[in-house]
Amino acid sequence: MKLVFPHGEHKPVELHGDSYRIGSAESADICLPTTGVAEEHAVIRKEGGDYVLVVDNPAHLASVNGKLVHEKKPLREGDLLIISQVHCRLEASGKPDQNDPAQTMVRMALPKFMLRGVSGPYFSKTFPLRGKTVLGRHVECDIRIDDQGISRRHAELEVTGEGLVVRDLGSSNGTFVNGEKVSEKTLSVGDEVRFDTLRFLVQTPAVPDKPGNESKTAVSSAAEPESGPAVIPARARMLKRITVALVLVAVGLVAAWYLGYLTP
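One structure accompanies this document, and this report is about it. Computed from a prediction, not measured in an experiment: that's the story for all the values here. (Residues numbered from 1 in each chain as written. Predicted model: local features only at pLDDT ≥ 70, side-chain atom pairs only at ≥ 80, totals over all residues. Heavy atoms only, no water.)

**Section: the sheet that holds strand β14 (residues 132-136)**
For clarity, the cut-off: For two strands to be treated as a pair, DSSP must find at least two bridges joining them. The secondary structure listing takes helices from DSSP runs of H or I that are at least 4 residues long and strands from runs of E that are at least 2 residues long, numbered from the N terminus.
In space, the 5 strands of this open sheet follow the order β15-β14-β16-β17-β20, with mixed pairing throughout. The two strands at the open ends of the sheet, each matched to only one other strand, are β15 (143-144) and β20 (184-187). Alignment of strand β16 (residues 155-160) against strand β17 (residues 163-168), held across 6 bridges, turns out to be antiparallel. Residue V159 lies in a different strand from β17, and its bridge partner there is L164.

What follows is the structure in structure tokens.
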């Protein structure tokens, strides 16, 4: 892999070795002489064949895909790193340098699958899924869900050649697909995945929900306290009005009979 800088302030760095020190010092393997970058700010290190970003000092700000790194974070192709204020991205070696005007710009491919929240604080939020994605409460999870009912490493979602697979990682409160508790399940677009009580829909960027899925979601959401008061259907409102009118007519007839208006 190689580290490229979208703003063009530094040359791309090919990653072939086992360790790369990032910092503002001239002796750093990846020298970033920028305000906010410490002399030895972070390290990209190979562990088990994959690279991880290691941050030993919590005062050294570094993030991966918008999430602050505490201690270390596994890195994957396409990840966006921010070292203090310096943006960089991991790409596969041999890809064209997008900062070179002679090269054709290539858009990053859209994810094949994504999760969209349909309940709780994650309602309408979307999470793109590429490769293996771990969901849980721990700060190092790819999708961090800060909820007491979610385990530290709750479930894993993997995009394979055959589709999207969800695996429960021994969570306390379970993983459910369309209401059924599962340990591992291949998902389809439109399936509802629930982690404890938090519900998500499986979608693709270009494909809407399955027909009728939105209405099913709306009904189930209306039945839950978190989704607000239930909406009374128009038919029920009409029946209620007719019932009230009949009761008023009956009361009027009884009053007229009592007063003698209906006596021959």
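**Examining the sheet that holds strand β6 (residues 50-55)**
The 5 strands are arranged β4-β3-β5-β6-β9 in an open sheet whose pairing can be described as mixed. Lying at the two open borders of the sheet, with one neighbouring strand each, are β4 (30-31) and β9 (71-74). The pairing of strand β3 (residues 19-23) with β4 spans 2 bridges and is classified as parallel. The partner of I22 across the bridge, within β4, is I30.

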